[in-house]
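The residues making up each chain are set out below.
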Amino acid sequence: MELNRFLESVKDEVLFETSLLFAGTERPQQAQRQVADWVRAGQVVQLRRGLYALAEPNAQAKPHPFVVGNSLVPASYISIHMALSYYSLIPEHVAVVTSVTTQRPGQWQTPYGRFAFQHVQRDFFYGFEYRAVSQTQYAYVALPEKALLDLVYIRPGGDKPAFLASLRLQNLDQLNVERLLVFADRLGKQKLKQAAQFIAHLVREELEGYQVL
């Protein structure tokens, strides 16, 4: 495949996999060598084996970090600290794009940032939505209530009041307390229920403070 033809075939894709390039070709090994040559030439960026993006200035849009996270590990969604920062529930800037997955935990360093994945059991893989993260890109992101519970689930001592207080949670008016409690009760773990009750108390305190003002 010639470079110009290749660029035309993937111009609308912020990320693409090897299978897209091999479609209809009778020589997949040759196509793979071509991609490797384009990576070395700086025309294509490799994120992991089989996952690529066009390099600037060929790319029409830079892939959003959330889209990259979803693509690096299938069956994953953005959550924990990155989702909490996305919703402005915590004051700190978060440099690592954090996700949860039913697959193995791991970390990836890419030209688009650093990505970390935490494992959860299949029964806890819920509470996320497919949402617009830019004008043209979409990604699976935890609901704010689930992002909090994912952190509690993964972190040793995540249900302790001292740890939850250390998060300095803010903008709690956006949390749906009923949904938080339902999500926490779904897995039947006391750790999640205790944390949800504590967070619900913080939400009520903040809302009462707004009413007084």
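My aim in this report is to walk through the structure given alongside it, one point at a time. Given the structure is predicted, the values throughout are model-derived calculations rather than measurements.

Overview of the overall build of the protein chain
Along the protein chain, the regular secondary structure elements total nine helices and nine strands. Judged by the C-alpha coordinates and their principal axes, the protein chain covers about 65 × 35 × 25 Å. When burial is assessed residue by residue, the protein chain has 44% of its 213 residues classed as buried. Relative to all contacts within the protein chain whose residues are 6 or more apart in sequence, the contacts with residues 24 or more apart total 60%. For the protein chain, the distance from the average position of its 22 positive side-chain charges to the average position of its 20 negative side-chain charges is 8 Å.

Some remarks on a nonpolar patch on the surface
On the surface, Tyr130, Tyr138 and Tyr140 cluster together into a nonpolar patch covering about 340 Å² of accessible area. Mapped onto the elements, Tyr130 comes out in strand 8 (residues 128–132).

Looking at the environment of Leu84
Examined against the element boundaries, Leu84 turns out to sit in helix 5 (residues 80–86). For Leu84, a relative accessible area of 0% gives the class buried. Sequence separation of Leu84 and Glu145 is 61 residues, and the distance between their C-alpha atoms is 9.2 Å. Setting aside chain neighbours within four positions, we find Leu84 in contact with Leu89, Ile90, Pro144, Ala147, Leu148 and Leu151.

A look at the nonpolar core
With 57 residues, the main nonpolar core has Leu47, Phe66, Leu72, Phe124, Leu149 and Leu192 as its most contacted residues. Apart from the residues lying within four places of it in its own chain, the contact partners of Leu72 are Leu47, Arg48, Leu51, Trp108, Thr110, Phe115 and Phe117. One finds Phe6, Leu7, Val10 and Leu54 within the second-largest nonpolar core, a separate group that totals nine residues.

Concerning the sheet that holds strand 3 (residues 51–54)
Taken in spatial order, the three strands of this open sheet run 1-3-2, and their pairing is antiparallel. For this open sheet the edge positions go to strand 1 (16–17) and strand 2 (44–48), each flanked by a neighbour on one side alone. Bridging between strand 2 and strand 3 involves four bridges; their strand directions are antiparallel. Along strand 3, the bridge assignment pairs Gln46 with Tyr52. Helix 1 (residues 3–10) contacts strand 1, strand 2 and strand 3 of the sheet and is inclined by roughly 100° relative to strand 3.

Side note on the side chain of Thr110
Topologically, Thr110 is positioned in strand 6 (residues 106–110). Polar side-chain contacts of Thr110 include one of 2.9 Å to the backbone nitrogen of Tyr112. If near-sequence neighbours (up to four positions away) are discounted, Thr110 is found in contact with Leu47, Leu72 and Phe115.

Definitions and limits used
Residues numbered from 1 in each chain as written. Predicted model: local features only at pLDDT ≥ 70, side-chain atom pairs only at ≥ 80, totals over all residues. Heavy atoms only, no water. Helix = DSSP H or I, 4+ residues; strand = E, 2+ residues; numbered from the N terminus. Buried < 20%, exposed > 50% of the residue type's maximum accessible area, 1.4 Å probe, protein only. Contact = heavy atoms within 4.5 Å. Lys, Arg positive; Asp, Glu negative; His and termini not counted. Charge placed at Lys NZ, Arg CZ, Asp CG, Glu CD. Patch = residues over 30% accessible without salt bridge, like charges linked within 9 Å, V, L, I, M, F, W, Y side chains within 5 Å. Areas by Shrake-Rupley, 256 points an atom, 1.4 Å probe, with all protein chains shown as cover. Salt bridge = Lys/Arg side-chain N within 4 Å of Asp/Glu carboxyl O. Core = buried A, V, L, I, M, F, W, Y, C linked by side-chain atoms within 4.5 Å. Pairing = 2+ DSSP bridges. Axes fitted to C-alpha atoms, helices over the stretch in contact; angles between N-to-C directions. Polar contact = N/O pair within 3.5 Å; in protein donor to acceptor, adjacent residues only side chain to side chain.

Coordinates in, geometry out; function isn't part of it.
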